[in-house]
Amino acid sequence: MKKYLFLAVMALLAVACKQKASDGFVIDGKLTGNVENAVVKIFDAADPTMTVVDSAVVKEGKFQLKGKVDEPTMFQLTIDLPDASLSEQERTLAYAFYVENAPMTFTADAATMPTLFYIPDRKTVNPVITGSPTQELNEKFNAQMADKENRLSELSEKQASVYYSAEERTDSIIAEAVRMESEIEALRKECNDARLDFIRKNAASIVALDQAGILVYADELTTTDVDEILKVLEPSWKGKARYDLLVQQMTTKKNMALGSVIPDADFSTTDGKTVKLHDVLPKEGYALVEFWASWCSPCRAEIPHLKQIVSKYPAFHIISLSVDDDDAAWKKALDQDKPSWTQLRCPDGIQGMANKVYGIMGVPACFLVASEGKIVRVGARGPVLDMMLSQLYASNK
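Residues numbered from 1 in each chain as written. Predicted model: local features only at pLDDT ≥ 70, side-chain atom pairs only at ≥ 80, totals over all residues. Heavy atoms only, no water.

1. Side note on the overall build of the protein
- Regarding its fold elements, the protein presents 13 helices and 15 strands.
- With respect to the principal axes defined by its C-alpha atoms, the protein has extents near 95 × 50 × 40 Å.
- Taking all 397 residues of the protein together, 43% fall into the buried category.
- For the protein, the proportion of contacts with a sequence separation of at least 24, taken over those separated by at least 6, is 66%.
- Taken as a whole, the protein presents about 20800 Å² of accessible surface, with 54% of it coming from carbon and sulfur.
- In the protein, 45 positive and 56 negative side-chain charges are present, and the distance between their average locations comes to 4 Å. (Helix = DSSP H or I, 4+ residues; strand = E, 2+ residues; numbered from the N terminus. Buried < 20%, exposed > 50% of the residue type's maximum accessible area, 1.4 Å probe, protein only. Contact = heavy atoms within 4.5 Å. Areas by Shrake-Rupley, 256 points an atom, 1.4 Å probe, with all protein chains shown as cover. Lys, Arg positive; Asp, Glu negative; His and termini not counted. Charge placed at Lys NZ, Arg CZ, Asp CG, Glu CD.)

2. A few points about the nonpolar core
- Of all hydrophobic cores here, the largest spans 33 residues; its most connected members are Phe-267, Phe-291, Tyr-358 and Ile-360.
- Sorting the residues of this core by element identifies strand E11 (287-292), strand E12 (317-322), helix H11 (327-337), helix H12 (353-356), strand E14 (365-369) and strand E15 (375-378) as the ones contributing at least two each.
- The element best represented in this core is E11, accounting for four residues.
- Setting aside residues up to four positions removed in sequence, Tyr-358 forms contacts with Thr-252, Met-256, Ile-262, Pro-263, Asp-264, Ala-265, Phe-267, Leu-277, Phe-291 and Met-353. (Core = buried A, V, L, I, M, F, W, Y, C linked by side-chain atoms within 4.5 Å.)

3. Let's talk about unusual backbone geometry
- Omega for the bond connecting Val-363 with Pro-364 falls within 30 degrees of zero, at 5°, which places this linkage in the cis form.
- With respect to the helices and strands, Pro-364 occurs in the loop between H12 and E14.
- Located in the positive-phi region is Met-50, a residue other than glycine, with phi close to 50°.
- Within the secondary structure, Met-50 sits in the loop between strand E2 (39-44) and strand E3 (54-57).
- By relative accessible area, which is 49% here, Met-50 ends up partly exposed.

4. Things to note about the sheet that holds strand E1 (residues 25-32)
- Spatial strand order, E4-E1-E7-E8: four strands in an open sheet with mixed pairing. At either end of the open sheet lies a strand with only one pairing partner, and these are strand E4 (62-67) and strand E8 (128-130). Taking each pair of neighbouring strands and ignoring which way they run, the sheet shows an average axis angle of 15°. (Pairing = 2+ DSSP bridges. Axes fitted to C-alpha atoms, helices over the stretch in contact; angles between N-to-C directions.)

5. A closer look at the layout of surface pockets
- Considering only enclosed or pocket space, the largest pocket measures out at about 1100 Å³ in volume.
- Put simply, the parts of the chain that give the lining of the largest pocket at least two residues each are helix H3 (133-163), helix H4 (171-201), helix H5 (206-215), helix H7 (241-255), H12, E14, E15 and helix H13 (383-392).
- Per-element accounting of the lining of the largest pocket gives the leading share, six residues, to H4.
- For the lining of the largest pocket, the per-class residue count stands at 22 nonpolar, ten polar and ten charged.
- Lining the second largest pocket are 15 residues, with Tyr-95, Pro-114, Thr-124, Asn-126 and Asn-142 positioned closest to its centre.
- Listed by contribution, the elements that provide at least two residues to the lining of the second largest pocket are strand E6 (92-99) and H3.
- In terms of residues, the lining of the second largest pocket owes the most to one element, H3, which gives four residues.
- Classifying every residue of the lining of the second largest pocket gives seven nonpolar, six polar and two charged. (1 Å grid on protein atoms, 1.4 Å probe; cavity = no way out; pocket = protein on both sides within 12 Å on 5 of 7 lines; lining within 4 Å. Points joined across faces, edges and corners; volume = space filled by probe spheres on them. Nonpolar A, V, L, I, M, F, W, Y, C, P; charged D, E, K, R; others polar.)

See below:
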């Protein structure tokens, strides 16, 4: 009888614990290193205000954080170390992970935990997190992507050192950068395909929704890809704010995705007139539509390269669309750099139609279009543009 009574009590305790866990999350943290009195904070990674959900002071290498989420959510945990001998960059540790209403643990070494600010050559080891199935799924996917993304990063850095560090971009340097670009594009395709496959197989997980958010920025995304992503995610996420935001982002992305016709809009000329973009696009052949600004150093550093391209490919057209708010600053830059191709300005700057119609969130943003404005390449600058033009105008070589 006592045995059965003991089992009944244990069962009730288990139910009580489960109910308590469902009321919110509890993160028990354990840190090694010089961490006594360090301040630990946690907040929703998507919250632009970075409002702290909970905080704690590390005592004897331990801390505890509590809170509640409506659904598994990516949180950012930061640790402000008290060691005054460290630089500001070294003192602030940070790691983002999925939190859900369950007992969780967070274990890390302050000497190797990632920092909030990038520090070259710092050897990092990610914290060990338990208790969140969502985080486990995320870590599993990240592990599958690690080799591809590391190779992509290494090759991109190598290409940049060859292409952008050269005092003069000779034909041999351009050829080498174009060769690397072919490898880079193959790796990008592998990464994008892996994300699409993950989304198809895990559509009900917030991880899939967040991976779709990453694909919003993929230059290689087609209109068909956009339609498929939203169709796959809709049954699980329709009506939720995060999905509504993704739909908005993907709809704008679709306007400028591969295969779309670039939207038409009114732009200002240097003499104060208004013209429509489609009226200045070539009826035949190819053109580069480039969003830029006078205050954008990479944009202006690319102008000598664009002058080389105009000279090498006379049939090729360039339409530069400035997002400058200041008309005078735009005209001053044109007077200094003297580009010979079509120059127009977005009358309401980068926050106006450039963002709302064309989805521009930063410059330079370059689109290669065919006749009638059909987009054939997104991110068409530097070695990408060289590669595309060498293929399109092969007879010029």
